[in-house]
Amino acid sequence: MNIVVCVKQVPDTWAEKKLSATDKTVDRESVDGVMNELDEYAVEEALRIKEASGGEVTVLTMGPDKSVETIRKALSMGADKAVHLVDAGLHGSDALATSYALAKALGTIEHDLVILGVESTDARMSVVPAMLAERLGAAQLTFARKVEVGDGTVKIERLTDTGYDVVEAPTPAVISVVEKINEPRYPSFKGIMAAKKKPLTTLTLADAGIEADKVGLGGSATTVADVAARPPKQAGQIVKDEGDGGTKLAEFLASQKFV
Amino acid sequence: MAVDRELPTDEAKALLDLAHDLAVNELAPKAAAYEERGEFPRDVFRLVGEAGLLGLAYDEEYGGGGQPYEVYLQVLEELAAGWAAVALGISVHTLSCYPVAAFGTDEQKARWLPDMLGGSLVGAYCLSEAHAGSDAGSLSARAVRDGDAYVLTGTKAWVTHGGVADYYNVFCRTSDDAKRGISLLLADASTPGLVPQPPEKKMALRSSPTAQIVLDGARVDADRLIGAEGEGLRIALSALDGGRLGISAVATGVAQAALDAATAYARERKQFGRRIADFQGVSFLLADMATAVEASRALYLSAARRRDAGKPYGPQASMAKLYCTDAAMRVTTDAVQVFGGYGYTTEFPVERYMREVKVMQIFEGTNQIQRMVIGRHLAADPS
Ligand SMILES: Cc1cc2nc3c(=O)[nH]c(=O)nc-3n(C[C@H](O)[C@H](O)[C@@H](O)COP(=O)(O)OP(=O)(O)OC[C@H]3O[C@@H](n4cnc5c(N)ncnc54)[C@H](O)[C@@H]3O)c2cc1C
Ligand SMILES: Cc1cc2nc3c(=O)[nH]c(=O)nc-3n(C[C@H](O)[C@H](O)[C@H](O)COP(=O)(O)OP(=O)(O)OC[C@H]3O[C@@H](n4cnc5c(N)ncnc54)[C@H](O)[C@@H]3O)c2cc1C
């Protein structure tokens with residue numbers, strides 16, 4: 001089973017995230033980049049499937065030059081090779097454009113499964129996996145907390161608010177994973193050294209056959225019109241229980257339209 | 001907070017990221033509880049072993065990482081900021097591989113090094129005895145040749161990993177010759193007659209067991225003699241130079257953790273309506289702490305780079321050990337001061353940092369002994 005894992009580099013979870021003043025895209029230069037946390041789970045799941053049933057794991061990343069650090073991390077965890085889609089024309093792509101570009105890049109890689117994280121920690125749209133499946137014409141198995149690979153099929157447990165659904169589909173399929181699915185491994189020093197020697201292909205828009213006017217700020221269907229800093233946290237309201245605590249809580253929740 | 005480091009290669013950078021992740025996610029959250037219980041964290045050593053951190057500074061030919069000291073020491077520093085006892089353990093383990101790696105025959109290296117560096121074993125280094133500390137040359141445990149083995153009798157003291165190690169470097173007297181009377185034997189932990197005693201009850205680093213090893217007629221095969229008979233003291237002293245750099249890096253890591261904790265606290269804590277970080281009395285304290293940490297790192301790295309370049313570095317290793325551990329003692333003590341009364345409680349880690357660093361001024365040569373080494377070097381006639 002050949003698997004492609006889509007991995008995104010995001011600003012360090014602990015760093016203060018900033019948007020560029022000029023075009024309101026995420027500032028990726030001034031902060032340390034790390035692998036999107038959920039994508040570590042996606043890489044881990046791909047490696048486990050490969051270890052159990054063979055095949056190759058390819059990492060696919062769309063992002064600026066710097067994202068190569070994140071690609072290396074996935075390779076040092078054990079992925080076999082990587083494809084880096086990098087082109088100034090991609091800057092500012094929205095979810096629709098991102099899914100288009102990833103689908104095009106996937107056209108250059110043989111695969112039976114595509115595994116993604118459920119969402120990124122920077123832009124948090126949580127729609128790329130579904131959009132990608134749609135573009136590829138493949139089954140979408142999202143919010144997986146367990147994956148089982150059969151002969152030409154794949155079955156997942158899809159996490160829901162109340163429990164889980166079992167969903168099965170033929171391959172090729174697109175899977176997105178939640179963090180309950182596994183415990184990602186640490187890379188090892190041997191893995192770090194081996195990663196240096198693994199194949200890394202760089203694709204430009206032209207290489208992937210991507211039409212320039214369908215990606216980037218210009219090619220995106222949405223625009224970020226305005227942004228504002230989050231208001232400072234308000235002091236909480238303390239409810240003292242004088243026998244009527246329950247009523248007071250219910251009143252508060254109702255006043256905030258929570259119930 | 002991740003330290004911004006100058007590193008020679010991309011792999012070194014990835015390695016430091018790995019060390020930082022391990023320190024933050026696997027070491028720091030467990031340290032206080034293991035210290036409290038005085039429990040050796042075998043699982044954590046397995047984890048760092050699997051990550052390849054127990055043989056970083058040795059040749060790739062035997063399964064080591066082939067990394068320069070400049071990189072290995074910064075890994076130790078990162079880990080120490082999470083849990084000093086684990087970083088110290090890696091330093092002692094690295095020391096325990098040195099005699100075979102540097103003085104063993106090709107056959108001995110091929111036989112033992114792959115396992116020692118492979119990550120599943122932990123080693124120990126038995127030089128000190130109850131009466132022979134700073135004056136290690138006065139040790140009295142004996143090894144007497146008997147057929148194809150040596151028979152060991154006596155008591156080694158203060159052995160880090162005593163009782164949990166898989167093998168022991170045991171320095172013993174093979175003759176009464178003042179200069180060439182000591183030899184080194186590499187004993188397996190399963191050797192009958194090699195009996196670890198209950199661990200000492202210590203002020204800190206309680207998750208790193210320190211114990212006496214009673215040698216009660218322990219038979220060690222003669223092919224486990226490392227170097228020639230009588231070469232033991234020379235081996236012991238040359239191994240210590242690298243070990244001292246290890247301690248320098250560990251002390252710097254703990255000092256960095258104390259500085260980070262104190263800085264974060266001083267930015268939050270308010271008195272007289274202001275953040276205490278805005279009082280000059282506190283901010284000058286923090287400034288001195290930060291300067292000491294930077295200077296420590298620069299000094300141990302400068303000695304490490306001499307070692308990596310193949311230059312003599314003994315006096316520089318002593319200077320680093322002396323400076324880094326004294327600086328860390330000051331920095332961790334001042335961190336408690338910044339926290340006020342809260343710093344004196346176990347609710348915050350700074351009191352533990354202070355206790356952990358104290359012993360670093362004592363072991364692998366007390367800081368008086370380091371001054372003696374540096375002073376002798378200065379007094380020696382250069383011709
Ligand atoms: C303030 C702000 C507002 C925005 N508003 C919108 C909006 O309204 N509409 C809109 O369409 N876009 C919007 N965007 C942009 C958009 O969210 C992202 O830029 C777009 O690329 C979608 O990525 P995501 O991280 O949200 O994807 P998600 O769907 O959250 O990511 C899920 C998974 O997809 C994979 N993945 C995502 N990106 C990549 C990549 N570059 N390379 C490889 N794998 C990847 C990863 O596996 C990831 O775990 C906004 C961005 C910002 C900063
Ligand atoms: C936690 C811990 C772990 C240890 N791990 C190991 C280990 O793994 N292997 C091992 O072999 N040993 C180990 N040791 C032993 C350690 O190296 C010794 O404790 C150290 O060398 C000092 O020896 P001592 O304790 O006998 O002190 P002493 O040598 O008795 O020193 C007492 C005091 O006198 C001073 N002093 C001594 N001689 C001089 C001099 N010439 N000039 C000026 N001052 C002097 C010392 O600086 C010190 O202040 C460990 C010790 C501890 C506490």
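On a predicted model such as this, the values are computed, not experimentally measured, just so you know.

A count of helical and extended segments in chain B gives ten helices and ten strands. Relative to its length of 383 residues, chain B is compact, with a C-alpha radius of gyration of 21 Å against a globular reference of 21 Å. If you line up chain B on its principal axes, its C-alpha atoms span 80 × 50 × 40 Å. Considering only contacts within chain B whose residues lie at least 6 apart along the sequence, 73% involve residues at least 24 apart.

Moving on: the site of ligand 1. All names here are of chain A. Around ligand 1, a shell composed of 32 residues is seen, among which Asp94, Gly117, Ser120, Ala123 and Met125 lie nearest. When contributions to the shell around ligand 1 are tallied by element, the ones reaching two or more residues are helix 1 (37-53), strand 4 (57-62), helix 3 (95-106), strand 6 (113-117) and helix 4 (128-136). At four residues, helix 3 tops the list of elements feeding residues into the shell around ligand 1. When the residues that make up the shell around ligand 1 are grouped by side-chain class, the tally is 18 nonpolar, nine polar and five charged.

Right, let's talk about the interface of chain A and chain B for a bit. Chain A puts ten residues into the contact, and the matching count from chain B is twelve residues. Looking at the side of chain A that touches chain B, the elements that each hand over two or more residues are helix 2 (68-77) and helix 5 (189-195) of chain A. Take the side of chain A that touches chain B: its biggest share by element is four residues, from helix 5 of chain A. For the side of chain A that touches chain B, a count of residues per class yields five nonpolar, two polar and three charged.

Here we take up the site of ligand 2. Residues and elements named next belong to chain B. Taken together, 21 residues lie around ligand 2, and Gly133, Ser134, Trp158, Thr160 and Thr366 are the ones closest in. Where the shell around ligand 2 is concerned, the elements lending two or more residues are strand 1 (123-126), strand 3 (149-160) and helix 10 (367-379). Its residues placed into classes, the shell around ligand 2 shows twelve nonpolar, seven polar and two charged. Split by domain, the shell around ligand 2 shows at least three residues from each of two domains, domain 2 (123-230) and domain 3 (234-379).

Bringing the domain arrangement of chain B into the picture now. How big an interface is tends to be stated in terms of the accessible area lost upon association of its parts. All names here are of chain B. Under the domain assignment used here, chain B contains domain 1 (10-118), domain 2 (123-230) and domain 3 (234-379). The distance between the C-alpha centroids of domain 1 and domain 2 comes to 22 Å. Each side of the interface is counted separately: domain 1 has 22 residues, and domain 2 has 16 residues. For the side of domain 1 that touches domain 2, the elements supplying multiple residues, two or more each, are helix 1 (10-37), helix 4 (84-103) and helix 5 (106-118). Top contributing element to the side of domain 1 that touches domain 2 by residue count: helix 4, with twelve residues. When its residues are assigned to classes, the side of domain 1 that touches domain 2 shows 14 nonpolar, six polar and two charged.

Right, let's talk about unusual backbone geometry for a bit. Working note: non-glycine residues mostly have negative phi, and peptide bonds are mostly trans. For the peptide bond that leads from threonine 171 of chain A to proline 172 of chain A, omega is 0°, which places it in the cis range. Mapped onto the elements, proline 172 of chain A comes out in the loop between strand 9 (164-170) and strand 10 (173-177). Look at tryptophan 158 of chain B: it is not a glycine, yet its phi comes out positive at around 60°. Here tryptophan 158 of chain B is to be found in strand 3. Notably, leucine 205 of chain B is not glycine yet its phi reads approximately 50°, a positive angle. In this fold, leucine 205 of chain B is placed in the loop between strand 6 (194-196) and strand 7 (210-221).

A separate point is the packing of helix 1 of chain B against helix 3 (residues 69-82) of chain B. Residue and element names in this part refer to chain B. Direction vectors running N to C along helix 1 and helix 3 enclose 25°, while the axes themselves pass 7 Å from each other. In this view, helix 1 runs roughly parallel relative to helix 3, as classed from their interaxial angle. Here the hand of the crossing between helix 1 and helix 3 comes out right-handed. Residues Ala12, Leu15, Leu16, Ala19, His20, Leu22, Ala23, Val24, Leu27, Ala28 and Ala31 of helix 1 pack against Val71, Gln74, Val75, Glu78, Leu79, Ala81 and Gly82 of helix 3.

Further remarks concern the pairing of strand 1 (residues 3-6) of chain A. Residues and elements named next belong to chain A. Burial along strand 1 is two-sided: the residues Ile3 and Val5 and Val4 and Cys6 are all buried. Note: strand 1 against strand 6, three bridges, orientation parallel. What sits directly across from valine 5, in strand 6, is isoleucine 115. Relative to strand 4, strand 1 is paired through four bridges, and the arrangement is parallel. Within strand 4, the position partnered with valine 4 by the bridge is threonine 58.

Attention now goes to the environment of glutamate 77 of chain B. Residue and element names in this part refer to chain B. Tracing the sequence through the fold places glutamate 77 in helix 3. Among the residues examined, glutamate 77 registers 31 C-beta atoms within 10 Å and is labelled buried. Between the alpha carbons of glutamate 77 and alanine 14 there is a distance of 15 Å; along the sequence they are 63 residues apart. Aside from chain neighbours lying at most four places away, what touches glutamate 77 is Ala249, Thr252 and Gly253.

What follows deals with the packing of helix 6 (residues 232-268) of chain B against helix 9 (residues 350-358) of chain B. Residue and element names in this part refer to chain B. One can describe the packing of helix 6 onto helix 9 by two numbers: an axis separation of 10 Å at closest approach and a directional angle of 160°. When the interaxial angle is binned, helix 6 and helix 9 end up roughly antiparallel. Judged by the twist between their axes, the crossing of helix 6 over helix 9 is left-handed. Contacts between helix 6 and helix 9 pair Ala251, Val254, Ala257, Ala258, Ala261 and Ala262 from the former with Val350, Tyr353, Glu356 and Val357 from the latter.

Rules of the game
- Residues numbered from 1 in each chain as written.
- Chains lettered and ligands numbered in written order.
- Predicted model: local features only at pLDDT ≥ 70, side-chain atom pairs only at ≥ 80, totals over all residues.
- Helix = DSSP H or I, 4+ residues; strand = E, 2+ residues; numbered from the N terminus.
- Rg over C-alpha atoms; globule rule 2.2 N^0.38 Å.
- Contact = placed C-beta atoms within 7 Å.
- Near = placed C-beta within 6 Å.
- Nonpolar A, V, L, I, M, F, W, Y, C, P; charged D, E, K, R; others polar.
- Domains from an automatic or database assignment.
- Axes fitted to C-alpha atoms, helices over the stretch in contact; angles between N-to-C directions.
- Parallel < 35°, antiparallel > 145°, perpendicular 65-115°, else oblique.
- Left-handed = near helix turned anticlockwise from the far one by under 90°.
- Buried ≥ 20, exposed ≤ 12 C-beta atoms within 10 Å, placed from the backbone.
- Pairing = 2+ DSSP bridges.

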